[in-house]
Amino acid sequence: MTLLTTPPIDFSFTFALNSAVRWHFPVDGVFFGKWKLRQAEGEQMLVPHADFAPEGPQPMEVASTEATTNAVDAQEIDEPPSARFTWKIENFSKVNMKKQYSEVFHVGGFKWRILTFPKGNNVDHLSMYLDVADSSALPYGWSRYAQFSLSVINQIHSKFTIRKDTCQCSDGLFDTQHQFNSRESDWGFTSFMPLSDLYDPGRGYLVNDTCIIEADVAVRKVVDYWSHDSKKETGYVGLKNQGATCYMNSLLQTLYHIPYFRKVCSSVVLSFFLLYVGRNLLEILLQAVYHMPTTENDNPSGSIPLALQSLFYKLQYSDTSVATKELTKSFGWDTYDSFMQHDVQELNRVLCEKLEDKMKGTVVEGTIQQLFEGHHMNYLECINVEYKSTRKESFYDLQLDVKGCKDIYASFDKYVEVERLEGDNKYHAEQYGLQDARKGVLFIDFPPVLQLQLKRFEYDFVRDTMVKINDRYEFPLQLDLDRENRKYLSPEADSSVRNLYTLHSVLVHSGGVHGGHYYAYIRPTLSDQWFKFDDERVTKEDMKRALEEQYGGEEELPQTNPGFNNSPFKFTKYSNAYMLVYIRESDTDKIICNVDEKDIAEHLRIRLKKEQEEKEQKRQEKAEAHLYTIIKVAQDEDLVHQIGKDIYFDLVDHDKVRQFRIQKQLTFNSFKGQLPNSIDLGDAERLGASVHVTVEEVAKEFGIPVQFQRFWVWAKRQNHTYRPNRPLTPQEENQSVGQLREVSNKANNAELKLFLEVAVGLDMQPLPPPEKTKEDIILFFKLYDPIKEELRYVGRLFVKGNGKPMDILKKLNEMAGFAPDEEIELFEEIKYEPNVMCEHIDKKLSFRSSQLEDGDIICFQKSPQGLSSEECNYPTVSAFLIYVHNRQSAESLVDSSDRNARIEVVRFRSLEKPKEDEFCLELSKQNNYDEVVEYVARRLGLDDASKIRLTSHNCYSQQPKPQPIKYRGAERLTDMLIHYNQVISDILYYEVLDIPLPELQGLKTLKVAFHHATKDEVVIHTIRLPKQSSVGDVINDLKSKVELSHPDAELRLLEVFYHKIYKIFPLQEKIENINDQYWTLRAEEIPEEEKNLGPNYRLIHVYHFMKDTAQNQQIHNFGDPFFLAINDNETLGEIKMRIQKKLHVPDEEFSKWKFAFLSLGRPEYLQDSDIMSSRFQRRDVYGAWEQYLGLEHSDNTPKRSYAANQVSTYLKLFHFIIFGPLNSK
């Protein structure tokens, strides 16, 4: 065992614990606070281990009590908070245990150990976790925080060591630390690395059957996030995170703390007044987000200016963090948008454009431009003739290179760098033809507020993927853009303007290319005091934290105990600045100005103050809620208005009936005779049904005298329906409202729900309620029209229990407006969850025999006999209610986990065009897999529905999920639409296969690039064989599809990655585990000279390469690698002749090529007389691709055309790293 101890780590990217709003969701597997949503099939993710690998939150491993000690003793050990533990496992391949624990090691006073599953935790990967060794002995409620990494050491070449950590999770998320507790006492990687790689003796991970595993652990100090009062501690408040809006929060805080911008963004009246009294335009602009034109009739959710004004007002006057939902709604975002990270620069520009549009036609028009807009000049100038072309362009922000630049001045130098156009790249000037020229950019003017976007993310063409640049990049507190004789400015620039800027804000990204967290360091008044705005939390910070610690780069911790391990603990700082805001010093007084209430339009002040008062009133009445009861009274008119419109099942939505807030001690009879004004729905929603009003008579409120009122108590039945159950007794009406509520509804101590029964005569005047006996049953009736597909409430009747439905048929026809002898059918609406039950009623049986009771619902309709399918889709009310129930409701489930939510239709998209809706189908959520694909096939005109393959929708990334739905892999439609137990989508993707899906799932599909022996072409072939087939079977199948140079030609299959040959597949190897999504599979004829090599010959790797001057001469391979058989005595000069002939390179071009022997990326240039065989290993062992003959030349060859479409390497890499292997077709 080796243990390296180090001093405390100050990870600048650590943020507050347990903050659910801190996590972001660009990909399938996501953390939401300390809870993890379920991951997609095949996805690789940082998860707690389990003895099985289901989707969803995985159960924790209960650690063995062996070798544990007292928890208190463990915590008393005085050790530094970080350490490295090395575990050597000998005879690794002979380990028969399903799981294996390392020795216990101590870090930060806690006991830890590594847990491995040598044969995988029910996956074909090594599973590995960090475990709290003494978890079973720790007291109830224990928790600890740690950042850690786990590594499997490559013992042949450390460059290929596999390391995974909690800084950059494999799913692309950024997890600064993990909270270990009794539920999650271990945490790590279920799919750490493929077992095939681990157990391959040539790969270097098992040497002499020994595996070396390392764990770097840093125990973090717990910060009490929730008890922090930002307003009290700093004078400022934060912004709430909606799920993935931290990038927006950091930008908004930056804009808010530019007072000039805040003022510009409320009423035009003040601006007109200032203009009238003669102030200059700049002063008007300085008074003009608060002086944007908005009105009291605007809705914040539909008006960006008003939403921004409201947000800024709350930031200025609120004592707690502020929500941003109104603003994002005004952007037109739905819930999914709030769970997706948008581009900050794009958001900034869209926001400014919207504000500009709102300002047009007012005296503050042009304010945004004056604040943020600068101009530069693109020029092109011929050297030898008088010709010059210029073009003026504006900018709101500048994108500066980080890669290859040490600081901000180096970026500006690169921005204005002159490019020479000469040689083959001459410029074609009008009238002068091709000319030597120079082109570049110079600035005409800089804006008062200079926004600099640092290009931390860029596309790496060598690796063919997006990468984050974490290089060290310095930026000064004071930025002088007039330096070195104003070299950044054009001669036309105004020399009277001093372009000296001071740093106002540093926006930080913490994480990787696929996800992370954003926050901002701001000094609002440009004093020495900096503040960190991290969503809800605002803290004071020093200048070093805001500047130097956001430069990026690497940090190496000093060794305090080098006797254990000489390897330094070195880590990349994933937190670094991505946007800087500078303010010109000459404009400081105008921009950093005071903003008080007089700068806010009166209607805006009134509106926002009213919102604050209503919020306070809600809070106060919530505190007094225990003194009151809410009485909700439903009447027949409510049922008429709601049934068939707002609701279809049961009788009424109680939230949309009259509501009364009554003191609990008031008697119910007093309520009937004297009660407060009713509160309509709008008031109820706005005021929480809690307004103090005057007293009125019931007769005036309902229009019904007290003697004509009878109130029924609602009851929730076991089948989850809600029906009037019984009338209140006179004794109950003498009780207090509070007592009555407790008797009627023990489930809700704040509400009493009643139905007001009023009998009416023929003249429609109220009558005293009829006497009700035990034999009387009150029934409610709904009428269904199958032609119109309409359901409506038509009334209620009292019937005798021993009576029969046939006795009331004429009355029902009268209520429906039918002829007295119309034949009608009756159905009882019994329940609707989880399935609709609406059964036919036998009209000859008594009501008691049909088990009807008070509050039951009877639906009736004309007899459906004789109705054709062309006339109606749902001939019976039962069929209609099932359709309604299973129809999806297109509602967002932001704040609900109701899986039974329904949408109107399901939108289907072709997998080849994942952004375009192709057609829609109205489906039942109970449709099974076969029914859904049958509907799709029918819509597409296909005879064989088994050739349809469906893929679910990722609601967060707005893309198809990486794994399609397996044949009958989802039981119902809802299983296909639900996303991580959280939200329901209304999108499915389809593809039409050339063979049935069940047959396809038994096959392995490989894409093989065949390189012709004599033609310069590559053709992609799709090979589809049973999964148990071998590489030899692939070769034989390929031979039947390709053109060979001669009939007896032999083929081989190679594994190529990054222009290097990593493997020649043995013919007997099974194809089931071959991955063609990440690696390129290349097939080629075996040259005759490479067959049956004698003892004096060896096969060497030959690769093309070039050196990147911008990256410290880093070696980059390109082109097609190949093998070459060489003789022991063969010189480089002889080999070069064969290579030139093989590659058909012209003499002139070939003379420019250089030849080098490369080992581990270091070139050693060769002479023609050098004997080559002495430099290469005799056998082709694992890692041989790192020793090769390199051909150095420029990569100017035309790209080969492929004969079939090929998924881009970027997409393959992205899916492989984030989600695991893609399914083959």
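Just so you know, these numbers come straight off a predicted model, no measurement behind them.

Moving on to the overall build of the protein. Within the protein, the regular secondary structure consists of 32 helices and 64 strands. Within the protein, the proportion of its 1225 residues that are buried is 54%. Total accessible area computed for the protein in this model is approximately 56,100 Å², and 48% of it derives from carbon and sulfur atoms.

Sheet topology places strand β60 (residues 1097-1108) next to strand β61 (residues 1114-1127); 11 bridges connect them, and they run antiparallel. In the strand pairing of β61, F1105 is matched with N1117. Both β60 and strand β64 (residues 1187-1192) contribute to a ladder of five bridges, which runs parallel. Across the sheet, the residue bridging to F1105 is E1192, located in β64.

The five strands are arranged β49-β48-β54-β50-β51 in an open sheet whose pairing can be described as mixed. Lying at the two open borders of the sheet, with one neighbouring strand each, are β49 (919-921) and β51 (959-960). As judged from the three bridges shared by strand β48 (residues 906-910) and β49, these two strands associate in the antiparallel manner. Each bridged residue has a counterpart across the sheet, and for V906 the counterpart in β49 is L921. Contacting β48, β49, β50 (948-954) and β54 (987-992), helix α26 (residues 929-940) runs over the sheet at an angle of about 105 degrees to β50.

Here D944 is to be found in the loop between α26 and β50. Among the residues examined, D944 registers a relative accessible area of 30% and is labelled partly exposed. Sequence separation between D944 and P996 is 52 residues, and the spatial gap between their C-alpha atoms is 7.9 Å. At 2.5 Å, the side chain of D944 and the side chain of S946 are in polar contact.

Despite not being glycine, D650 has its phi angle at roughly 60 degrees, a positive value. Positionally, D650 belongs in the loop between α18 (636-642) and β34 (658-663). Look at D650 and you get buried, because its relative accessible area is 7%.

This paragraph deals with helix α24 (residues 809-816). All buried positions along α24 are accounted for by L812, N813, M815 and A816. In a view along the axis of α24, the buried residues occupy a sector of 160 degrees, so they form one face of it. Facing away from the buried surface of α24 by more than 90 degrees, the exposed residues are K810 and E814. Once α24 ends, the next one or two residues include G817, with phi positive near 80 degrees.

Here we come to the pattern of salt bridges. Two side chains with opposite charge may pair up if their charged atoms get near one another. This structure, assessed with the given rule, holds 57 salt bridges. The shortest N-O distance in the salt bridge between K403 and E458 comes to 3.4 Å. A residue pair is termed long-range when its members are at least 10 positions apart, and K403 in the loop between β17 (398-401) and α13 (408-415) and E458 in strand β23 (residues 457-460) qualify at 55 residues. Owing to a relative accessible area of 19%, E458 belongs among the buried residues under this scheme. D930 is paired through a salt bridge with R968; the nearest N and O atoms lie 2.9 Å apart. With D930 in helix α26 and R968 in the loop between β51 and α27 (973-977), this pair connects stretches of sequence that are 38 residues apart. One salt-bridge network, in which partners are shared between bridges, spans D650, R717, R723, E853 and D856.

What follows deals with α13. Turning to α13, its buried residues number three or more, namely I408, Y409, S411 and F412. The buried residues of α13 occupy one face: seen down the axis, they fall within an arc of 155 degrees. Of the surrounding elements, those touching the buried residues of α13 are β17, β21 (437-445), β22 (449-455), β25 (478-480), α14 (483-486) and β32 (575-584). For α13, the N-terminal cap is D407; the gap from its side-chain oxygen to the backbone nitrogen of Y409 is 3.2 Å.

Read from one edge of the open sheet, four strands run β16-β15-β21-β18, paired in antiparallel fashion. The open sheet is flanked by β16 (388-395) and β18 (419-421), the only strands paired with a single partner. This sheet shows a mean twist of 25 degrees between the axes of neighbouring strands, independent of strand direction.

Inspection of the secondary structure assignment puts E839 in strand β45 (residues 837-840). Spatially, the C-alpha atom of E839 lies 7.3 Å from that of S878, the residues being 39 residues apart in sequence. Setting aside residues no more than four positions away along its own chain, E839 makes contact with L826, F827, E828 and I830.

Okay, the pairing of strand β9 (residues 125-132) next. Of all eight residues in β9, eight are buried; the element is thus mostly enclosed. Looking at chain direction, strand β8 (residues 110-117) and β9 are connected through six bridges and run antiparallel. The residue bridging R113 from the neighbouring strand is D131, located in β9.

Confidence in the prediction of the protein, expressed as mean pLDDT, is 76, and 73% of residues score 70 or more. Across residues 266-291, where pLDDT falls below 50, the model places 81 contacts with residues more than four positions away in sequence or in other chains. A low-confidence stretch, residues 333-342 stays under pLDDT 50, and its non-local contacts, those more than four residues away or across chains, total 39 contacts.

Moving on: the packing of aromatic side chains. Under the definition given, this model contains 40 aromatic pairs. Consider the rings of F117 and Y129, whose centres lie 6.0 Å apart with planes at 80 degrees: the pair is edge-to-face. Here the residue F117 occupies a position in strand β8, and Y129 occupies one in strand β9, the gap between them amounting to 12 residues. Here the two residues F117 and Y129 agree in accessibility, since each one is buried. Consider the rings of F1057 and Y1062, whose centres lie 6.2 Å apart with planes at 65 degrees: the pair is edge-to-face. Taken together, F395, F412, Y415, F443, F446 and Y488 form an aromatic cluster joined through their ring pairs. Over the face of the ring belonging to Y101 we find R113, whose NZ or CZ atom lies 3.8 Å from the ring centre. For K532, the ring lying beneath its charged end belongs to Y519, and the centroid distance is 4.4 Å.

With respect to the helices and strands, the residue D587 is situated in the loop between β32 and α16 (588-591). Since its relative accessible area comes to 13%, D587 is described here as buried. Taking the C-alpha atoms as reference, D587 lies 6.3 Å from P448; in sequence the two are 139 residues apart. A distance of 2.9 Å separates polar atoms of two side chains, one belonging to D587 and the other to R584.

Looking now at the state of the cysteines. Going through the model one piece at a time under the given rule, you end up with zero disulfides. In this model C859 remains outside any disulfide bridge; the closest cysteine sulfur is found in C838, 4.9 Å from its own.

Basis of the calculations
Residues numbered from 1 in each chain as written. Predicted model: local features only at pLDDT ≥ 70, side-chain atom pairs only at ≥ 80, totals over all residues. Heavy atoms only, no water. Helix = DSSP H or I, 4+ residues; strand = E, 2+ residues; numbered from the N terminus. Buried < 20%, exposed > 50% of the residue type's maximum accessible area, 1.4 Å probe, protein only. Areas by Shrake-Rupley, 256 points an atom, 1.4 Å probe, with all protein chains shown as cover. Pairing = 2+ DSSP bridges. Contact = heavy atoms within 4.5 Å. Axes fitted to C-alpha atoms, helices over the stretch in contact; angles between N-to-C directions. Polar contact = N/O pair within 3.5 Å; in protein donor to acceptor, adjacent residues only side chain to side chain. Arc of directions from axis to C-beta. Salt bridge = Lys/Arg side-chain N within 4 Å of Asp/Glu carboxyl O. pLDDT = per-residue confidence, 0-100. Phe/Tyr/Trp six-rings, centres within 6.5 Å; stacked < 30°, edge-to-face > 60°. Lys NZ or Arg CZ within 6 Å of the ring centre and 35° of its normal. Disulfide = S-S within 2.5 Å.

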